[in-house]
Amino acid sequence: MTPFAIAGIQMHVAAVHSNVEAMRHRIEIAMARFPWTQMILFSELAPFGPLDQFAQPFPNQVIDQFCIDARRFGIWLIPGSMFEKAPDGRIFNTSVVINPEGEIVARYSKMFPFRPYEAGISAGTEFCVFDVPDVGRFGLSICYDIWFPETTRQLTSQGVEVLLHPVLTGTTDRDAELAIARATAAQFQCYVIDVNGLGAGGVGRSLVVDPTATVLHQSAGQEDIFPIEIDLDYVRRQRQTGIKGLGQVLKSFRDREADFPVYDRASGADAYLHTLGPLAMPQKGSRLGVHGDNPRSALSALTEPQTSSAQVTYLKERSATE
């Protein structure tokens, strides 16, 4: 058995003032109540809330304070994420991983900002994988990233056994996100530690799922500090023998005979996606509902110069079958 104790902290997040001292106070509470905790994970954008006007350069004094806390308590600490203002003016949604010595050992910028709602937030391009010595391999993704299984595919193909997933979900799609978290655990035979906030930080309902998609803990809609001891050997056993002795999905993917041309952007296999219109905010007042009217028919789009050859091919093939 390779046990490791992770505490998620679901707390109220304010949008107009710093939450840093409140976070530090909850670290103290968690360690006083559960001194066996080895890692603490907060929700997305917990330190300053969801407004990018509070973006700041990295590293910064706030991260330095969290490094002091990690060293003081001898824990791994992921203090959610915060908006990072890069030297070139771009803004990223960035998280750091701090080890028990108070050192930043990894950082990660969200690959899939929640567009079009998170307009103006730049996307990261580097994956985050780090090892906890004598325990196992961990990976980090942020909120909307998990909706794109390619992100977890990359992480688990590099050996990640625990997916740390801070989120800020305050919308009606939280049910869908919980289903995706469970599916991700099963598809990739890993633990998923999904921590949401409250108030401006989300609707709560944080979740811990094991590699068989079994829910180990789900918070409700109030503040919650939930330490869960996971077993990394359990991940390895599931990957060796299959989920409950059944699907060996990672090995099946490894031994696949099929390739996926959709990932070659020049292949034309994704032609349909180019017919979906721009990534834009839904509009109201349409007889079609929030999605808005589309005055152009699919076939009329064929005559417009901005239509790609892939779109033309797809639309011709579709019209021939209708």
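Position numbers for residues count from 1 along each chain, tracking the sequence in the order it is written. Thresholds applied to this predicted model are a pLDDT of at least 70 for local features of residues and 80 or more for the giving and counting of side-chain atom pairs; totals over whole chains, interfaces and linings are not thresholded and use all residues. Water and hydrogen atoms were dropped before computing side-chain values, which therefore reflect all heavy atoms in the structure.

### Points about helix H4 (residues 174-188)
Inference 1: Comment: elements are numbered from the N terminus, with helices defined as DSSP H or I runs of at least four residues and strands as E runs of at least two. By this rule the span expected of a helix is its residue count minus one, scaled by 1.5 Å. Taking 1.5 Å as the rise per residue, H4 with 15 residues should run 21 Å; its terminal C-alpha atoms sit 21 Å apart, in good agreement.
Inference 2: The buried label goes to any residue with under 20% of its type's maximum accessible area, the exposed label to any with over 50%, and the partly exposed label to all in between, with areas taken from a 1.4 Å probe on protein chains only. Turning to H4, its buried residues number three or more, namely Arg174, Glu177, Leu178, Ile180, Ala181, Thr184, Ala185 and Phe188. Down the axis, H4 shows its buried residues gathered within 160° of arc, on one side only. Along the arc lie the directions from the helix axis toward the C-beta atoms.

### Things to note about the pattern of salt bridges
Inference 1: We define a salt bridge as a side-chain nitrogen of Lys or Arg found within 4 Å of a carboxyl oxygen belonging to Asp or Glu. Enumeration over the complete set of coordinates arrives at 15 salt bridges.
Inference 2: Here glutamate 161 and arginine 236 are joined by a salt bridge, their closest N and O atoms 2.7 Å apart. Of this pair, glutamate 161 sits in the loop between helix H3 (149-157) and strand S11 (162-166) while arginine 236 sits in helix H5 (residues 232-241), and the two are 75 residues apart along the sequence.
Inference 3: Note on glutamate 161: relative accessible area 8%, which makes it buried.

### Here's the deal with the confidence of the model for the protein
Inference 1: Residue-level confidence of the predictor, termed pLDDT, takes values from 0 up to 100. On average, residues of the protein score 91 in pLDDT, and 88% of them reach the 70 mark or higher.
Inference 2: Two residues qualify as a contact provided that any one of their heavy atoms is within 4.5 Å of a heavy atom in the partner residue. Of the regions scoring below 50 in pLDDT, residues 293-307 engages in 16 contacts with residues more than four places distant in sequence or in other chains.

### Some remarks on the pairing of strand S10 (residues 136-140)
Inference 1: Of all five residues in S10, four are buried, a share of seventy percent or more.
Inference 2: Taken together, the four bridges between strand S9 (residues 129-132) and S10 define a ladder with antiparallel strand orientation. Its bridge partner lying in S10, phenylalanine 130 is registered against phenylalanine 138.
Inference 3: Between S9 and S10, which follow one another and run antiparallel, lie three residues, and aspartate 134 among them has a positive phi close to 65°. A pair of strands counts as paired when DSSP detects no fewer than two bridges linking them.

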